[in-house]
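Take a look at the letters that make up each chain.
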Amino acid sequence: MMVLVTYDVCLSDSSGRRRLRQIAKLCLDYGVRVQYSVFECDIAPDQWVKFKAKLLALYEPEVDSLRFYQLGKNWRHRVEHHGAKVAVDIYQDNLII
């Protein structure tokens, strides 16, 4: 299934910068960065449960936010890309321009 993960981490102190790096690194383990704090993750449901739990353990709910958009299996019909950044087709490793 395809899940879009977005996050916003408070950077007012060094612990926020550390959380930002940890969350970004974890997201890179499970998906492809499509914008600075946005990742497309093609993930099996059991892996999604583990990944989500790890993310929720890292962030600080009082000052940070995480958003998850479950796009399902037919996500290709729900996603459009426009603009300067090249999009990666994660199934065929082709660039979409």
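What counts, and where the lines are drawn
Residues numbered from 1 in each chain as written. Predicted model: local features only at pLDDT ≥ 70, side-chain atom pairs only at ≥ 80, totals over all residues. Heavy atoms only, no water. Phe/Tyr/Trp six-rings, centres within 6.5 Å; stacked < 30°, edge-to-face > 60°. Helix = DSSP H or I, 4+ residues; strand = E, 2+ residues; numbered from the N terminus. Buried < 20%, exposed > 50% of the residue type's maximum accessible area, 1.4 Å probe, protein only. pLDDT = per-residue confidence, 0-100. Core = buried A, V, L, I, M, F, W, Y, C linked by side-chain atoms within 4.5 Å. Contact = heavy atoms within 4.5 Å.

1. Thoughts on the packing of aromatic side chains
1) Next: Applying the stated criterion across every chain, the model contains 4 aromatic pairs.
2) Next: Both rings, one in Trp48 and one in Phe68, keep their centres 5.1 Å apart while their planes meet at 85 degrees; by these two values the pair is edge-to-face. Of this pair, Trp48 sits in helix H2 (residues 45–58) while Phe68 sits in strand E4 (residues 65–72), and the two are 20 residues apart along the sequence.
3) Next: Since its relative accessible area comes to 24%, Phe68 is described here as partly exposed.
4) Next: Here a set of aromatic residues connected by ring pairs shows up, and it is made of Tyr30, Trp48, Phe51 and Phe68.

2. Side note on the confidence of the model for the protein
1) Next: Looking at the protein, pLDDT values average 87 and 85% of them are 70 or higher.
2) Next: Looking across the protein, the model is least confident in strand E6 (residues 94–96), with a mean pLDDT of 47, and most confident in H2, with 97.

3. A closer look at the nonpolar core
1) Next: Grouped together as the largest cluster of nonpolar side chains are 17 residues, with contacts concentrated most on Val5, Tyr7, Ile23, Cys27, Phe51 and Leu55.
2) Next: When contributions to this core are tallied by element, the ones reaching two or more residues are strand E1 (2–8), helix H1 (14–30), strand E3 (38–42) and H2.
3) Next: The greatest single-element share of this core, amounting to 5 residues, is contributed by H1.
4) Next: With near-sequence residues (within four places) excluded, Val5 lies in contact with Cys27, Ser37, Val38, Phe39, Cys41, Trp48, Phe51, Leu55, Arg67 and Phe68.

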